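Spelled out, the chains give:
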Amino acid sequence: MLHIVSHPDYDIPLADGHRFPSRKFTRLISHLDAEGILAEFTHATPIPATIEALSQIHDPNYVASIHDGSITTEALRVLGFEWSEALARRSFLAPNGTLMTARLAREHGLACHAAGGTHHAHYGHGAGFCVFNDIAFTAINLLRDPGIDQVLILDCDVHQGDGTARMLMDEDRAVTVSLHCATNYPARKAISDFDIELDRGLDNEGYLAILADTLSKLAGVMRPDIVIYDAGVDIHIDDRLGYLNVTDQGLRARDDMVLAHFLARDIPVATVIGGGYDKDVAALISRHAHIFKASADAYAHYCR
Ligand SMILES: [Zn+2]
């Protein structure tokens with residue numbers, strides 16, 4: 001079975017005009033339903049991660065400050081959100097959603113999270129709309145599961161996965177790969193195991209050639225037990241925060257290429273939606289929908 005993991009409480013209550021499209025999670029599910037894509041998936045819903053579980057990868061004081069709202073104004077400024085009970089709840093739900101997605105992917109070959117990819121969250125603080133790092137949380141927990149000796153994180157969001165790279169720096173069994181625009185947030189980059197810096201204005205052809213080359217190089221040096229794929233859509237030409245020129249066709253081709261590469265090798269893939277920023281939320285949702293369409297097709301081809 002092909003699973004989609006989501007939760008009705010993923011939306012974040014923010015003031016109108018906030019740069020983060022806070023209600024995109026519920027709208028994405030409605031869109032997939034209206035397009036007939038949701039019918040291809042079995043739905044799964046996470047329970048919140050515990051304070052104890054998150055405190056194993058994040059600073060316990062930071063985890064507590066998100067839980068009880070004692071987080072400082074300065075920390076909230078870096079994070080980009082105001083604190084609310086709803087923000088706290090979704091912040092504890094989403095990391096478990098990505099972990100659940102990864103475990104379903106192990107069982108079935110492929111699974112999709114209709115959230116996740118909060119890769120700017122660091123050990124002791126959040127940043128860039130990312131409270132907790134669901135990717136690092138998932139990788140570390142997966143490595144405690146029997147039969148998992150290596151986790152590959154393929155981060156194709158337009159921004160570097162700096163939080164993930166730093167949080168997993170001392171974990172050799174979690175390999176971090178980030179394809180990102182060189183001149184974009186975060187200004188101070190971390191060191192991933194593999195950083196592929198992309199020039200501003202890169203088009204479909206250029207992007208896909210670099211991705212194919214990256215996948216081929218990785219295949220030559222490793223065989224992961226599972227892949228966490230951040231399918232961020234902020235590489236799109238119309239994205240407000242990205243500087244690349246990848247079109248919808250390019251997004252879909254990217255997702256097809258990644259899924260085919262690993263599934264053809266019997267390597268399970270867990271997808272997260274990552275970043276995407278547009279005042280036109282309908283257009284943004286249609287970009288996030290590509291990974292679900294690509295997954296439904298790839299599942300039918302490789303996993304049935
Ligand atoms: Zn991003």
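As annotated in an unreviewed UniProt entry, the protein is Histone deacetylase superfamily from Puniceispirillum marinum. Per UniProt, the protein has the following entry under Sequence similarities (unreviewed entry): "Belongs to the histone deacetylase family."

**Q** Tell me what's going on with the overall build of the protein, and back it up with residues and numbers.
**A** Looking only at helices and strands, the protein has 10 helices and eight strands in total. Taking 2.2 N^0.38 as the reference for a compact globule, 304 residues should give roughly 19 Å; the C-alpha atoms of the protein span a radius of gyration of 17 Å, in line with that estimate. Along the longest, intermediate and shortest principal axes, the C-alpha atoms of the protein span 45 × 45 × 40 Å. Looking at the protein as a whole, 60% of its 304 residues are labelled buried. When contacts within the protein are restricted to residue pairs at least 6 apart in sequence, long-range pairs at least 24 apart make up 74% of them. In the form shown here, the protein has an accessible surface area of approximately 12100 Å², with 51% of it arising from carbon and sulfur atoms.

**Q** So what's going on with the coordination of the zinc ion? Which residues, and what values?
**A** Around the zinc ion, the donor atoms from the protein are Asp157 (OD), Asp157 (OD), His159 (ND1) and Asp234 (OD), and they sit 1.9 to 2.7 Å away. Coordination at the zinc ion comes from four donor atoms whose angles at the metal span 53 to 155°, giving a geometry best classed as irregular. In the primary sequence, the donor residues of the zinc ion line up as D-x1-H-x74-D. Here the residue Asp157 occupies a position in the loop between β4 (151-155) and α7 (162-167), and Asp234 occupies one in the loop between β7 (226-230) and α9 (248-263), the gap between them amounting to 77 residues. The same class applies to Asp157 as to Asp234, namely buried.

**Q** Tell me about the packing of aromatic side chains, and name the residues and values.
**A** Ring pairs (aromatic) are described by centroid distance and by the angle formed between their planes. Summed over the entire model, instances satisfying the criterion amount to 10 aromatic pairs. Here a set of aromatic residues connected by ring pairs shows up, and it is made of Tyr10, Phe20, Phe25, Phe81, Phe129 and Tyr277. Lying over the aromatic face of Tyr277, Lys24 brings its terminal NZ or CZ to 5.9 Å of the ring centre. The side chain of Arg200 reaches across the aromatic face of Tyr243, ending 3.6 Å from its centre.

**Q** Which residues make up the pattern of salt bridges, and what are the values?
**A** Scanning the model with the defined rule gives nine salt bridges in all. We note a salt bridge from Arg89 to Asp9, for which the minimum N-O separation is 2.5 Å. Of this pair, Arg89 sits in helix α5 (residues 85-108) while Asp9 sits in the loop between β1 (3-5) and α1 (24-34), placing them 80 residues apart in sequence. In this structure Arg89 comes out as partly exposed when scored by relative accessible area, which is 38%. Overall, the relative accessible area of 30% leaves Asp9 in the partly exposed class. With a closest N to O distance of 2.8 Å, Arg287 and Asp278 form a salt bridge. The exposure class of Arg287 is buried, given its relative accessible area of 3%. For Asp278, a relative accessible area of 15% puts it in the buried group. The structure contains a network of salt bridges with shared partners spanning Arg252, Asp256 and Asp297.

**Q** So, the nonpolar core: which residues are in play, and what are the values?
**A** In this structure, Leu154, Tyr207 and Phe292 are the most contacted members of the largest nonpolar core, which totals 101 residues. The residues contacting Leu154, other than those within four sequence positions of it, are Val177, Leu179, Leu215, Val227, Ile228, Tyr229, Asp230, Val258 and Phe262.

**Q** Pulling in residues and values, what's your account of the packing of α5 against helix α6 (residues 134-142)?
**A** Closest axis-to-axis distance for the α5/α6 pair is 8 Å, and the angle between their directions is 45°. Classified by the angle between their axes, α5 and α6 sit oblique to one another. Between α5 and α6 the crossing geometry is right-handed. Two secondary-structure elements touch here, α5 through Ala94, Pro95, Asn96, Thr98, Leu99, Ala102 and Arg103 and α6 through Asp134, Phe137, Thr138, Asn141 and Leu142. Along the lines of polarity and charge, the residues of the contact of α5 with α6 split into six nonpolar, four polar and two charged.

Parameters and conventions
Residues numbered from 1 in each chain as written. Predicted model: local features only at pLDDT ≥ 70, side-chain atom pairs only at ≥ 80, totals over all residues. Heavy atoms only, no water. UniProt positions renumbered as here; feature names shortened; annotations may be inferred. Helix = DSSP H or I, 4+ residues; strand = E, 2+ residues; numbered from the N terminus. Rg over C-alpha atoms; globule rule 2.2 N^0.38 Å. Buried < 20%, exposed > 50% of the residue type's maximum accessible area, 1.4 Å probe, protein only. Contact = heavy atoms within 4.5 Å. Areas by Shrake-Rupley, 256 points an atom, 1.4 Å probe, with all protein chains shown as cover. Donors = N, O, S within 2.8 Å, 3.2 Å for Na, K, Ca; no water. Tetrahedral: all angles 85-135°; square planar, octahedral: opposite > 155°, others 65-115°. Phe/Tyr/Trp six-rings, centres within 6.5 Å; stacked < 30°, edge-to-face > 60°. Lys NZ or Arg CZ within 6 Å of the ring centre and 35° of its normal. Salt bridge = Lys/Arg side-chain N within 4 Å of Asp/Glu carboxyl O. Core = buried A, V, L, I, M, F, W, Y, C linked by side-chain atoms within 4.5 Å. Axes fitted to C-alpha atoms, helices over the stretch in contact; angles between N-to-C directions. Parallel < 35°, antiparallel > 145°, perpendicular 65-115°, else oblique. Left-handed = near helix turned anticlockwise from the far one by under 90°. Nonpolar A, V, L, I, M, F, W, Y, C, P; charged D, E, K, R; others polar.

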